[in-house]
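# Coordinate analysis (summary)
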Amino acid sequence: MATFLYKVGRLAFRRRHFVALIWVALLTLAGVGAASAPAAGTTSFSIPGTEAQKAFDLLEQRFPGMSADGATARVVFKAPDGQKMTDAGHKATVQETVKELSDGSEVASVADPYTAKAVSKDGTIAYASVKYEVSGMELQDSSREALEDAAQDARDAGLTVEVGGDALQTTPETGATEIIGIGVAAVVLVITFGSLIAAGLPLLTALIGVGIGISTITALASALELGSTTSTLAMMIGLAVGIDYALFIVSRYRAELAEGREREEAAGRAVGTAGSAVVFAGLTVVIALVGLSVVNIPMLTKMGIAAAGTVVIAVLIALTMIPALLGYAGKKVRPAGTRSRWMGGNRAEKKAAAGKAKPNMGTRWASFVVRRPIAVLLLAVIGLGAAAIPAGSLELGLGDDGSQPTSTTQRRAYDLLSDGFGPGFNGPLMVVVDAKGKEDPDAVFQQVGDDIKGLKNVVTVTPAAPNKAGDTATITVIPKSKPSSVTTEDLVHSIRDKGAEVKADTDATVLVTGSTAMNIDVSQKLNDALLPYLALVVGLAFLLLIVVFRSILVPLKAALGFLLSVMAALGAVVAVFQWGWFAGLMGVEETGPVMSMMPIFMVGVVFGLAMDYEVFLVTRMREAYVHGEKPSQAVVTGFKYGARVVTAAAVIMMAVFAGFIGSSESMVKMIGFGLAIAVFFDAFVVRMAIVPAVLALLGKKAWWLPKWLDRALPNVDVEGEGLRTRTDKDEDRELVRV
């Protein structure tokens, strides 16, 4: 591996014009494809295997033209104080609004509040239900504008009007903090390298890689039904790993220059050694992201594969374009330990020449940990354990209008409906009864309705509405409790239990669906998939790390450390987004359950990123150990060369992820915060404290591998031992020639 990548690095350095041309051509091709691609269409949210999805599929078959997955909107009207919606003037205004809404080209139906009995008991609140023929993501902007215009006309007539429902679903905005994150990354790179040129290379290559990845996703969005969140995630991961991978190779290149090697040789050795670590670190991230497909949620699978593709591009760019750009930079990229004049380079060089240079911070910290491993280990583990405590109160759910900020019309509509009709009105349950082939379907429908009426937490059960064939019917159930409550979840399970009894008695099928039931099923599906996913991803990465480190205990320690960091990160997410700690600082206007996909998504992404730091830091230690240093000294050597770069990489990742906290989409905001805090815990607590402490305690045992396994495993030579042998042979040839 190291020898092959060494050749790749040297070739890219020599043929830099050709390499740069290839990447610019790919960027141009992807950009043209994105510009000429049709606009993204539907992003169907299907959950195969769940009861709610089976019910949706059945509705599509038995109620053709019903548009079961079509967007919906509720236009909620409230009369001024002391007046009622049944007053003649207000009634005329509402009916005019209904007529205006019905004229929309994508509107399937609009229910008049006065004929649909959609007026509250006290007469102060009414609502009109609007059903569209297409999903919320397919809905044209003109339809949303018509909806908002109709609401504004009613407001102008003196009514309070708010609009809820997924018809207002729009593409999330990330905000200016994303740019701030990139700015922070640039500052960290300049401080790390002491040179604008060296700092600019990782940023440039990362932006090119993300540009290619996002443009490709945009070009394929329509054909593959990729949502806006897919490109946001790909940008988030691509920027972070793209900068980090390039950072490690540039840093190793500068270290090789400091040892007196020629620039082409230094580029080859940098790609051969640090590049090997980049390849395996990238593989762990790809495994974690592609592994999301085991959950069997198409949207999550597409997000994972798209982000994994962006990571692959980042790896390839780091291995080829970075050495090419180093060739262009020439002497402007200085050896490690030297800085440009404006960064105080002359003073630093004079101190080094006078022998006054002190050991760097990484060396001093590692030496301290090696002397006090037990104290450092206990302090780190206890700290992460304390941060993980809130995770014990984790509540999962999918956001609805009730989780929106109070400043939005969706949230105000949600609150008005709760005030007028009860909290459960915002999460109606749809019961689908399949009585096809039964002698008396109407009797079955009646039995199901009566059984549901006898359950607790039920406010209203509408009469069964059969299809034209009369063999399938829908029944709407209004719970007493709000959609995200445990009580509503219990009601869904109770209805399904009754459905099982009906199945046994009549052989008719009873299914519960609707957005509330779908959320419950998604949460359950994600919970059930978490352990298998964790076993698959950690297992594959464990085997990969055994090959990389030629050790059993080092990969085991890496996996256990990851579990500590991810639990602490989940605890922080619960504290902020569920309990409301520092919510104002994070821009969280409304607390509530944590997104159902957050735990499994965090496990996947954080595991890949955690292994990045493990590979980059510990391969340096392994390299020093293989080359003859004692285990404790190898730990210090690894930190001497790797701590500064890993620290910079972690700060950059945190800055990039934290930049997405400014998103208008709560899911993106939560992911950005969760990944940023997880990187902090993993890089600065696990990798910088627990890893050296454990390796110091284990000594030579850390690098133990059974002989039979050592013979069976392929030798990937991440440490670059083959390069050292190759260099020695070249030097011998030179001596012979002399």
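Residues numbered from 1 in each chain as written. Predicted model: local features only at pLDDT ≥ 70, side-chain atom pairs only at ≥ 80, totals over all residues. Heavy atoms only, no water.

### Examining a negative patch on the surface
- A contiguous patch of negative charge, built from E96, E100, D103, E145, E148, D149, D153 and D156, is present on the exposed surface.
- Looking at the negative patch, the elements with two or more residues in it are α4 (88-102) and α5 (141-156).
- With five residues, the single largest contributor to the negative patch is α5.
- Given the relative accessible area of 58%, D156 is considered exposed. (Patch = residues over 30% accessible without salt bridge, like charges linked within 9 Å, V, L, I, M, F, W, Y side chains within 5 Å. Areas by Shrake-Rupley, 256 points an atom, 1.4 Å probe, with all protein chains shown as cover. Salt bridge = Lys/Arg side-chain N within 4 Å of Asp/Glu carboxyl O. Lys, Arg positive; Asp, Glu negative; His and termini not counted. Charge placed at Lys NZ, Arg CZ, Asp CG, Glu CD. Helix = DSSP H or I, 4+ residues; strand = E, 2+ residues; numbered from the N terminus. Buried < 20%, exposed > 50% of the residue type's maximum accessible area, 1.4 Å probe, protein only.)

### Thoughts on unusual backbone geometry
- A positive phi angle, near 55°, is found at K117, a position not held by glycine.
- By the secondary structure assignment, K117 is in the loop between β2 (107-111) and β3 (125-132).
- On the basis of relative accessibility, which here comes to 76%, the residue K117 falls in the exposed class.
- With a phi angle near 50°, R550 is a residue other than glycine that sits in the positive phi range.
- Structurally, R550 can be placed in the loop between α17 (515-549) and α18 (553-578).

### With respect to the pattern of salt bridges
- Enumeration over the complete set of coordinates arrives at 18 salt bridges.
- Here E51 makes a salt bridge to R496, at a shortest N to O gap of 3.0 Å. With E51 in helix α3 (residues 51-62) and R496 in helix α16 (residues 486-506), the pair connects residues that are 445 residues apart, well separated along the chain.
- D710 is the partner of R550 in a salt bridge, and the nearest nitrogen-oxygen pair spans 2.7 Å. One end of the pair, R550, is in the loop between α17 and α18; the other, D710, is in helix α23 (residues 707-712), and 160 residues separate them in sequence.

### Re the pairing of strand β1 (residues 72-78)
- Burial runs high along β1: five of the seven residues are buried.
- Here seven bridges tie β1 to β3, and the two strands are oriented antiparallel to one another. Looking at the pairing, R74 lines up with S129 of β3.
- In terms of strand pairing, β1 meets strand β4 (residues 160-164) through five bridges, oriented antiparallel. Residue pairing for β4: F77 is matched across the bridge by V161. (Pairing = 2+ DSSP bridges.)

### What to know about the packing of helix α9 (residues 263-290) against helix α20 (residues 598-626)
- Contact geometry of α9 with α20 gives a least axis separation of 8 Å together with a crossing angle of 165°. By the angle between their axes, α9 is roughly antiparallel relative to α20. As α9 runs across α20, the sense of the crossing is right-handed. Between α9 and α20, the contacting residues are A274, A277, V278, A281, G282, T284, V285, A288 and L289 on the first element and G604, V605, G608, L609, M611, D612, V615, F616 and T619 on the second.
- In terms of residue class, the contact of α9 with α20 is made up of twelve nonpolar, five polar and one charged. (Axes fitted to C-alpha atoms, helices over the stretch in contact; angles between N-to-C directions. Parallel < 35°, antiparallel > 145°, perpendicular 65-115°, else oblique. Left-handed = near helix turned anticlockwise from the far one by under 90°. Contact = heavy atoms within 4.5 Å. Nonpolar A, V, L, I, M, F, W, Y, C, P; charged D, E, K, R; others polar.)

### So, the sheet that holds β1
- Strand order in this open sheet of four strands is β2-β3-β1-β4, and the pairing throughout is antiparallel. Each end of this open sheet is capped by a strand with a single partner; those strands are β2 and β4. Each adjacent strand pair in this sheet contributes to an overall mean axis angle of 20°, direction not counted.
- Contacting β1, β3 and β4, α5 runs over the sheet at an angle of about 160° to β4.
- Sheet strands touched by helix α14 (residues 409-421): β1, β3 and β4. Its angle to β4, the strand with the most contacts, is close to 105°.

### What about the pairing of strand β10 (residues 509-513)?
- Counting buried positions along β10 yields four of five residues, so the element is predominantly enclosed.
- Inspection of the sheet shows strand β6 (residues 429-434) paired to β10 by five bridges, in the antiparallel sense. Bridging across to β10, V431 finds its partner in V512.

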